[in-house]
Amino acid sequence: MTWRRATLAGLLALSLAATGCGGGGPDEPGREVRSALTVSSTAFADGNAIPSRFTCKGRDVSPALEWSGVPAGAAALALVVADPDAPRGTYYHWVVLDIDRSATGVPEGAVPGRGRQAENSAGHPAYDGPCPPSGTHHYRFTVYALRSRTGLGDGAALDKALSAIDQRAVAKGVLTGTYAAD
């Protein structure tokens, strides 16, 4: 009986490790890519709280972002807003592909540089602001420099979009904001 319990506990631990502790979304792309871009916002500083106007408790619009340091060889950019603290694994709030490489930012509530919005974790191509069920979550606004355009259109499936970014990413930059549930 002890051997059986140990085996089941080991299998459960392996299963949880393989699924990201709850079977959540896929890993964030570009894990092995160097950080070369600088990403900032006039709405919040890196590591600080995201104002409620950009969340489900406010207007639920995307914050203005700026970036610099795009490598000369980049053909396009991508933007991914992810919450790695979500209960079932990383939750993707916004994925934008094939942004013009010359873009240096995006105004509040807009799609950057003629980019294409892929599905988010909710299944629709749009920005969904932070809305944690409990506790304080960290939201990563990551801009990727891509060696080539993905060629995917509006509404592309989330897993295909993240895979395309991962295969093409040559550099990235991250701005992290926090938001706490009421």
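One can find the structure itself at the top, above this paragraph.
Okay, so let's go over this structure. Predicted model only: the values in this text are computed from it and were never measured. (Residues numbered from 1 in each chain as written. Predicted model: local features only at pLDDT ≥ 70, side-chain atom pairs only at ≥ 80, totals over all residues. Heavy atoms only, no water.)

### Examining the environment of D182
Tracing the sequence through the fold places D182 in the segment after strand 8 (169–180). The exposed category is assigned to D182, whose relative accessible area is 82%. The spatial distance from the C-alpha of D182 to the C-alpha of P132 is 8.9 Å, given a sequence separation of 50 residues. (Helix = DSSP H or I, 4+ residues; strand = E, 2+ residues; numbered from the N terminus. Buried < 20%, exposed > 50% of the residue type's maximum accessible area, 1.4 Å probe, protein only.)

### Concerning the pairing of strand 8
A regular strand places its side chains on the two faces of the sheet in alternate fashion. Most of strand 8 is tucked away: nine of the 12 residues are buried. Bridging between strand 7 (residues 136–146) and strand 8 involves 11 bridges; their strand directions are antiparallel. Bridge pairing in strand 8 places V143 opposite G173. (Pairing = 2+ DSSP bridges.)

### Describing the state of the cysteines
Here the structure, examined in full by the defined rule, presents one disulfide. With a sulfur-sulfur separation of 2.1 Å, C56 is cross-linked through a disulfide to C131. Taking the sign of the S-S torsion, about 80° here, the bridge from C56 to C131 comes out right-handed. Here C56, found in the loop between strand 1 (38–40) and strand 2 (65–68), pairs with C131, found in the loop between strand 6 (116–118) and strand 7; they are 75 residues apart in sequence, far enough to count as distant. (Disulfide = S-S within 2.5 Å.)

### What about the packing of aromatic side chains?
Enumeration according to the criterion identifies two aromatic pairs in this entry. Between the aromatic rings of F44 and F141, the centroid separation amounts to 5.6 Å while the plane-to-plane angle is 55°, which identifies the pairing as tilted. Taken together, the residues F44 in the loop between strand 1 and strand 2 and F141 in strand 7 connect sequence positions 97 residues apart. Taking relative accessible area as the criterion, F44 reaches 4% and is therefore assigned buried. (Phe/Tyr/Trp six-rings, centres within 6.5 Å; stacked < 30°, edge-to-face > 60°.)

### As for the sheet that holds strand 8
Strand order in the open sheet made by the five strands is 6-4-3-7-8, with antiparallel pairing throughout. Of all strands in the sheet, those bounded by a partner on one side alone are strand 6 and strand 8. On average, each strand axis in the sheet is tilted by 15° relative to the strand beside it, whichever way the strands run. Pairing between strand 4 (residues 91–100) and strand 6: three bridges, direction antiparallel. Looking at strand 6, one finds that V96 is bridged to Q117. Strand contacts of helix 2 (residues 158–168): strand 3 (76–83), strand 4, strand 6, strand 7 and strand 8, with the helix running at about 55° to strand 4, the strand carrying the most contacts. (Axes fitted to C-alpha atoms, helices over the stretch in contact; angles between N-to-C directions. Contact = heavy atoms within 4.5 Å.)

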